[in-house]
Amino acid sequence: MLFRSGEDLIALLLSLSLLQSDPSQQGTGPERVLERFLHAVTVRDSSTALSLLSGRAFGIVDSMAAADPVMLADLISRFGVEVDPATVGDTDPRALLGGVLTSDAFLGLMAMVEYEIGTAELDGSRALLPVAYSFMGNEGTITVELRREHGRWRLMDYYGETPL
């Protein structure tokens, strides 16, 4: 797992939000799942966005809350979501991620990203999806990992340098 700090969580959230898609583009492949997630974020539909994340994403938030609740509370507050460090570990990770994903600050970052999604490489229950980006003069490619959970693709992790 690539998450070593709060900055890694910010990077994942921004990386997952590199795309803004047309809601009429439906499907169940990895590319469509990522597009559906990102569209949900752009319209502030946290319920749909959260339903497309893997259980591991929520576990990452729980791990961060246990390891350094002050750092996690500070990180979340950068997106305008206030949480008391003393209670951050008792807060549902879905609520924390939902607050960040629908924050004005997060949506502002998304508006500045240009992207191009590639074709997923499938390996059984794992998919690696390349996404080329341009953000304020920085360009690169990240790879978003998806896994099948209960027969459905879910966003799990990312690899590579992020726009930040």
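Figured I'd write up the structure that's included with this text. Just so you know, these numbers come straight off a predicted model, no measurement behind them.

**Some words on the packing of helix α4 (residues 55-67) against helix α5 (residues 69-77)**
Across the interface, α4 lies against α5 with an axial gap of 5 Å and an inter-helix angle of 125 degrees. Here α4 is positioned oblique relative to α5, judged by the angle of their axes. Contacts between α4 and α5 pair V61, M64, A65, A66 and A67 from the former with P69, M71, L72 and L75 from the latter. By residue class, the composition of the contact of α4 with α5 is 9 nonpolar, no polar and no charged.

**Topic: the pattern of salt bridges**
Evaluation of the coordinates by the stated rule reveals 6 salt bridges. Here R78 makes a salt bridge to D74, at a shortest N to O gap of 2.9 Å. Taking relative accessible area as the criterion, R78 reaches 46% and is therefore assigned partly exposed. Assessed through its relative accessible area of 39%, D74 is described here as partly exposed. Of the charged contacts, one joins E145 and R126 as a salt bridge, the two residues approaching to 3.1 Å between their closest N and O atoms. Of the two residues, E145 is situated in strand β4 (residues 138-149) and R126 in strand β3 (residues 126-135); the sequence distance between them amounts to 19 residues. Here R126 falls in the partly exposed class, since its relative accessible area comes to 27%. Connected through shared salt-bridge partners, R126, E145 and R147 make up one network.

**So, the packing of helix α2 (residues 30-42) against helix α7 (residues 104-111)**
The N-to-C vectors of α2 and α7 enclose an angle of 125 degrees; their axes lie 10 Å apart at closest approach. Our classification of the angle between α2 and α7 gives oblique. Contacts from L38, V41 and T42 of α2 reach α7 at F106, L107 and M110. Looking at the contact of α2 with α7 residue by residue, the classes come out as 5 nonpolar, 1 polar and no charged.

**A few points about unusual backbone geometry**
One non-glycine residue, M136, adopts positive backbone phi at about 50 degrees. A relative accessible area of 61% means that M136 is categorised as exposed. Residue H150 is not a glycine yet carries a positive backbone phi of 55 degrees.

**Considering the nonpolar core**
Counting residues in hydrophobic clusters, the biggest one holds 44 residues, and the most contacted among them are F37, V41, L53, L72, V144 and L146. Those residues in contact with L146, other than ones at most four positions away along the chain, are P30, V33, S125, R126, A127, L129, W153, R154, L155 and M156.

**Things to note about the side chain of T102**
On the secondary structure map, T102 appears in the loop between α6 (93-101) and α7. Of note is the side chain of T102, whose polar atom sits 2.8 Å from the backbone oxygen of G98. In this view, T102 contacts R44, S46 and L107; residues no more than four positions away in its chain are not counted.

**Some points on the packing of aromatic side chains**
A full pass over the atoms with the stated rule returns 1 aromatic pair. With centroids separated by 5.9 Å and ring planes inclined at 70 degrees, the aromatic side chains of F79 and F106 adopt a geometry described as edge-to-face. With F79 in the loop between α5 and α6 and F106 in helix α7, this pair connects stretches of sequence that are 27 residues apart. You can call F79 buried: its relative accessible area is 8%.

**Details of α5**
Those residues of α5 that sit buried are L72, A73, L75 and I76. The arc that holds the buried residues of α5, viewed along the axis, is 160 degrees, so those residues lie on one side.

Cut-offs applied
- Residues numbered from 1 in each chain as written.
- Predicted model: local features only at pLDDT ≥ 70, side-chain atom pairs only at ≥ 80, totals over all residues.
- Heavy atoms only, no water.
- Axes fitted to C-alpha atoms, helices over the stretch in contact; angles between N-to-C directions.
- Helix = DSSP H or I, 4+ residues; strand = E, 2+ residues; numbered from the N terminus.
- Parallel < 35°, antiparallel > 145°, perpendicular 65-115°, else oblique.
- Contact = heavy atoms within 4.5 Å.
- Nonpolar A, V, L, I, M, F, W, Y, C, P; charged D, E, K, R; others polar.
- Salt bridge = Lys/Arg side-chain N within 4 Å of Asp/Glu carboxyl O.
- Buried < 20%, exposed > 50% of the residue type's maximum accessible area, 1.4 Å probe, protein only.
- Core = buried A, V, L, I, M, F, W, Y, C linked by side-chain atoms within 4.5 Å.
- Polar contact = N/O pair within 3.5 Å; in protein donor to acceptor, adjacent residues only side chain to side chain.
- Phe/Tyr/Trp six-rings, centres within 6.5 Å; stacked < 30°, edge-to-face > 60°.
- Arc of directions from axis to C-beta.

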